[in-house]
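# Survey of secondary and tertiary structure
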Amino acid sequence: MPFTPPKESYNGKTFELTIGQGDKAVTVGGENVLAFHAFEGSVPREPAVAFEVQDMPPDDWPETVAEVFKNVSSGPVTWAKYCQDSLGAGIIALRLVSTHPDRGDASADQAAETVRKVLAAINVPLIVLGSNHAEKDAAVLVKVAEVLKGTNSLLGKAQESNYKTIVAAAMANDLKLIAMSELDINLSKQLNILIGQMGFDKEKLVTDPMSSALSYGLEYTYSVMERIKLAALAQNDATLQAPMLADVGMFVWKVKETQAAEADLPAWGSLRERGIEWEAVTATSFLIAGADILIMRHPEAIGAVKKFIADMEVK
Amino acid sequence: MALTGVEIFKMLPKTNCKKCGQPTCLAFAMKLAQRQVSLDQCPDVSEEAKQKLGEASAPPIRPTVLGSGELAVKMGEETVLFRHEKKFVNPCAIAVKISDTASEADASKVIDDVLSSEIDRVGQKLRINALFLSNDSGDGAKLEALAKLASTKAPAVAAIISTTSPDAADAALKHYSGKNAVLYGANKDNLEAMAGKAKAHKATLGIAATGLDELCDLTEKAKGFGVADMVIDSGARRAGEILRDNTYIRRSAVKKNFKPLGYPVITFAGRDDSMLESLIAVLGIAKYASIVVLNSAERWKNLALFSLRQNIYTDPQVPMQVQQNIYKIGEPGPKSPFLITTNFSLTYFIVSGEVENSKVPCRLAVLDSEGLSVLTAWAAGKFTASKIAQFIKESGIETELETKELIIPGYVAILSGSIEDKLEGWKITVGPREANGLPAFLKARA
Ligand code: B12
Ligand code: SF4
């Protein structure tokens, strides 16, 4: 019996967005079908993975992942170079943790100096993230944006409570921007609209609908991502056509499953594999739901996710 | 094939008697076409119409049981493509492969792993659901020996017998009669004989096709041989093929009510690289498999896959919740600590687990916050000082306690003053932020 495949075709497609410059630049987005659905439409490229680097030693990362970077994580420059040169990172995501009022309260100028040094040391595209303290991020990212001018980097994250200053800074310095809202398609849409009303080009935006970890809210992120993708494609809703970001590592490497010793919980199996698996499974779920860029920590988790992407054979 | 409302309408009594609860026969027909009502709600429908409509109004993916007894699992019955539309119904079964070329010791080890795979998670008991017994040797005697070993050591665990030889199937299935096993391996060359064996042993027939055209062909033929229960494999093995075929199958079944593909899907995730295998399994769990077959069952991998399955199959409208109550952990006395949290299952099980770890007997008040976590509930106004005060007052717990002290989650430290205002005579203590700080915190007080 000949079978007629029930293909779906959509009117919309996600925006193509490039970060970085020259032959190391990375482009994401541009597909007119759901994630990896190359069999019924166009998926011009694979999703991208960024390696997370912090501006201070990772004293709250569990051993499994902290250990990988123990010889390089005393400073962001050596750390970033290690990711680029030894681990093959195609994008570096620098998180300015030390600017958080509870984590050292480094000044905006100090942060800008850190960013300047990291920029000088690497040639792959850079994502710069604040410490997730809305007020402080506004002050820090304005200074950081000046340093990033002309590099086509991705700056984040603008949230409902601080977007105005950050959007203005990204615009003035011609940067790409991450807009983050909290697990709700309407909030994502609304923030993107507000940012657009300031004159920011919607094709320079990345949406972060907020991540979560496997077993700690994953289903919320997963479904919000699927809904955003469907609205972007089926309803051709331009306010939801930005590529999506999943900031995975920071949610995964704080849950109990990535920390508890096997001796205490024998039913959970090897701690090392369990932690890496937790990050890889979380990340893969979000890719399936439609994420275009991942931020991750453990090189083996990243390696596994890349093998999964290759297995999809969209190229 | 799917019938339209009008086609269904033609077969109804057309009396508009309203006994079905719909204003007219046409309205009933329209709802039936969308599967919002069931045919038996019309008492007057003719036998002939019943027969014709029965198939069209049956669930788009045939309900099928895997295994027997307490550990049996249901498959099929799904009605949507995306979990935000409506809850996914029957969580995908996870099976682990054992080859009949493995030594008895190796096979026994896998069986033991499966038997001890149960993990308690957020109040549910999760486990590997089936053994996939594979006739890689091509020798029927070897497969039978394996089936015998598995059915003796793990009589309650479901089996999927994988072979292309009807005789080998027959011998192996004897060990699983009446246990809703799957006989996997029916193809274009052996279909009729395999169908016969499946029927004889009341097993579900597993169709092994090479492509969707052939798959449709085989399921239709098997149906012609009198087989009702099937699980289907399009032959997809690479991730991209699995996504494509599983998506086409689910869409055909759910959106077009296309019967030749209206069966539970079996997805093969097996890889030498265990972590990559687990990620292919992630794809199977998220995208429409009813059975995912793995090569190995390491505990770290089980935990992650069970958790994902639980996440994907939770109700998107109603978070998992526990009942509002004051729960005793251990045997608390009048001086034991008294804590409060929300009724989101995840929150409750994490907190009660850590209290248990502390070995300090406690009372844990669980406030109905509509299944929201502590911070979400706080942000949504469901975990407020007045609600907490009212709950504590009405619970009458005061009489059981020597000191009126309540420990609140560290993340809502901001509530302590206002609770003290509303709960006269009570002392509010701020606990640690993360529950894993509870054992040290409780021990330090004891
Ligand atoms: C998933 C999620 C949701 C889901 C709901 C999930 C649910 N069933 O609760 C959805 C998408 C519906 C949601 C909605 C909202 N959310 Co929300 N959500 C989250 C998220 C990602 C995870 C929450 C979670 O499941 N945590 C896991 C559970 C186990 O944590 P927990 O209950 O807090 O328990 C821990 C501790 O508190 C402690 N603990 C618990 N009980 C006790 C008791 C004692 C005695 C002690 C000592 C310790 C303790 O132990 C646990 C483990 O350590 C968090 C961000 C994050 N990563 O935390 C945001 C978060 C909680 N949400 C937030 C917000 C603002 C909202 C919304 C108001 C957003 C909006 N504007 O619409 C809505 C409100 C909901 C509504 N109905 O209106 C904010 C809260 C901000 C704040 N600081 O108050 C957060 C923190 C996000 C953020 N801004 O970073 N959310
Ligand atoms: S019960 Fe049957 S006959 Fe009566 S209105 Fe409903 S569909 Fe028509």
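Just so it is clear, the model here is predicted, and its values are computed rather than measured.

### Some remarks on the overall build of chain B
Within chain B, the regular secondary structure consists of 16 helices and 17 strands. Considered along the principal axes of its C-alpha atoms, chain B spans approximately 80 × 70 × 35 Å. Put simply, chain B has 446 residues, and 54% of those count as buried. For chain B, long-range pairs separated by at least 24 residues make up 66% of all intrachain contacts whose partners lie at least 6 apart in sequence. When the accessible surface of chain B is summed, it comes to about 18,600 Å², and 50% of that surface belongs to carbon and sulfur atoms. Here chain B contributes 55 positive and 51 negative side-chain charges, whose respective centroids are spaced 4 Å apart.

### Details of the sheet that holds strand β11 (residues 266-268) of chain B
Sheets are built from strands paired through backbone hydrogen bonds, the pairs being either parallel or antiparallel. All names here are of chain B. If you walk across this open sheet you meet the 8 strands as β10-β9-β8-β7-β6-β3-β12-β11, and the pairing is parallel. Of all the strands in the sheet, just β10 (230-233) and β11 have a single pairing partner and so form its edges. When the angles between neighbouring strand axes are averaged without regard to direction, this sheet yields 25°. Bridging between strand β8 (residues 182-186) and strand β9 (residues 204-208) involves 4 bridges; their strand directions are parallel. From the neighbouring strand, V182 faces β9, where its bridge partner is T204. Contacts from helix α11 (residues 299-312) reach β3 (93-99) and β12 (291-294), with the element oriented near 150° to β3.

### Describing the site of ligand 1
The immediate surroundings of ligand 1 are formed by 33 residues, with E182 of chain A together with T341, T347, S373 and E434 of chain B found nearest. This site is not confined to one chain, since residues near ligand 1 come from chains A and B. Measuring from a nitrogen atom of ligand 1, one finds a side-chain N or O atom of T341 of chain B at 2.7 Å. Within the contact set of ligand 1, an oxygen atom lies 2.5 Å away from a side-chain nitrogen or oxygen of E434 of chain B. Take the shell around ligand 1: its biggest share by element is 5 residues, from helix α13 (residues 374-379) of chain B. Tallied by class, the residues present in the shell around ligand 1 amount to 24 nonpolar, 6 polar and 3 charged.

### Topic: unusual backbone geometry
For the bond running from G156 of chain A to K157 of chain A, omega is 5°, close enough to zero to count as cis. Positive phi outside glycine occurs at D174 of chain A, with the angle close to 55°. By the element assignment, D174 of chain A lies in the loop between α5 (163-172) and β7 (176-180). Classification of D174 of chain A by relative accessible area gives partly exposed; the value is 46%. Despite not being glycine, E77 of chain B has its phi angle at roughly 65°, a positive value. Mapped onto the elements of the fold, E77 of chain B is located in the loop between β2 (73-75) and β3.

### Observations concerning the pairing of strand β7 (residues 158-162) of chain B
Residue and element names in this part refer to chain B. The element β7 is extensively covered by neighbouring structure, given that 5 of its 5 residues are classed as buried. Note that strand β6 (residues 130-134) and β7 share 5 bridges and pair parallel. In the strand pairing of β7, L133 is matched with I161. The parallel pair β6 and β7, bridged by helix α5 (residues 140-153), forms a crossover whose chirality is right-handed. As for the winding sense of the linkage, the β-α-β connection from β7 through helix α6 (residues 166-173) to β8 is right-handed.

### Topic: the pairing of strand β3 (residues 48-54) of chain A
Residue and element names in this part refer to chain A. Burial of β3 is extensive: 7 of the 7 residues sit out of reach of the surface. Alternating residues of β3 divide into A48, A50, E52 and Q54 and V49, F51 and V53, and every residue in both groups is buried. Of the strand pairs in this sheet, β3 and strand β10 (residues 293-296) are connected by 4 bridges, and their pairing is parallel. Residue pairing in the sheet places A48 in a bridge with I293 of β10.

### Describing the packing of aromatic side chains
Counted according to the given criterion, the structure contains 14 aromatic pairs over all chains. Measuring from ring centre to ring centre gives 5.2 Å for F39 of chain A and Y248 of chain B, while their planes differ by 75°; the resulting arrangement is edge-to-face. Remark: Y248 of chain B occurs in helix α9 (residues 239-256) and F39 of chain A occurs in the loop between β2 (26-28) and β3; the pair is interchain, linking two chains. F39 of chain A sits in the buried class, given a relative accessible area of 17%. Judged by relative accessible area, Y248 of chain B falls into the buried class, the value being 4%. On the basis of an interplanar angle of 80° and a centroid distance of 5.4 Å, the ring pair of F132 of chain B and F268 of chain B is categorised as edge-to-face.

### Regarding the sheet that holds strand β5 (residues 126-129) of chain A
Residue and element names in this part refer to chain A. What the 8 strands build is an open sheet, ordered β8-β7-β6-β5-β4-β3-β10-β9; its pairing is parallel. Edge positions in the sheet fall to β8 (205-208) and β9 (245-247), since each of these pairs with one other strand and no more. Taking each pair of neighbouring strands and ignoring which way they run, the sheet shows an average axis angle of 25°. Pairing analysis gives 3 bridges linking β9 to β10, with the strands arranged parallel. Pairing of D247 across the sheet is with I295, part of β10. Lying on the sheet, helix α3 (residues 108-121) is in contact with β4 (92-95) and β5; it crosses β5 at an angle near 165°. Contacting β6 (154-158), β7 and β8, helix α6 (residues 185-197) runs over the sheet at an angle of about 140° to β7.

The rules we used
- Residues numbered from 1 in each chain as written.
- Chains lettered and ligands numbered in written order.
- Predicted model: local features only at pLDDT ≥ 70, side-chain atom pairs only at ≥ 80, totals over all residues.
- Heavy atoms only, no water.
- Helix = DSSP H or I, 4+ residues; strand = E, 2+ residues; numbered from the N terminus.
- Buried < 20%, exposed > 50% of the residue type's maximum accessible area, 1.4 Å probe, protein only.
- Contact = heavy atoms within 4.5 Å.
- Areas by Shrake-Rupley, 256 points an atom, 1.4 Å probe, with all protein chains shown as cover.
- Lys, Arg positive; Asp, Glu negative; His and termini not counted.
- Charge placed at Lys NZ, Arg CZ, Asp CG, Glu CD.
- Pairing = 2+ DSSP bridges.
- Axes fitted to C-alpha atoms, helices over the stretch in contact; angles between N-to-C directions.
- Near = heavy atom within 4 Å.
- Polar contact = N/O pair within 3.5 Å; in protein donor to acceptor, adjacent residues only side chain to side chain.
- Nonpolar A, V, L, I, M, F, W, Y, C, P; charged D, E, K, R; others polar.
- Right-handed = clockwise from strand over helix to strand, strands pointing away.
- Phe/Tyr/Trp six-rings, centres within 6.5 Å; stacked < 30°, edge-to-face > 60°.

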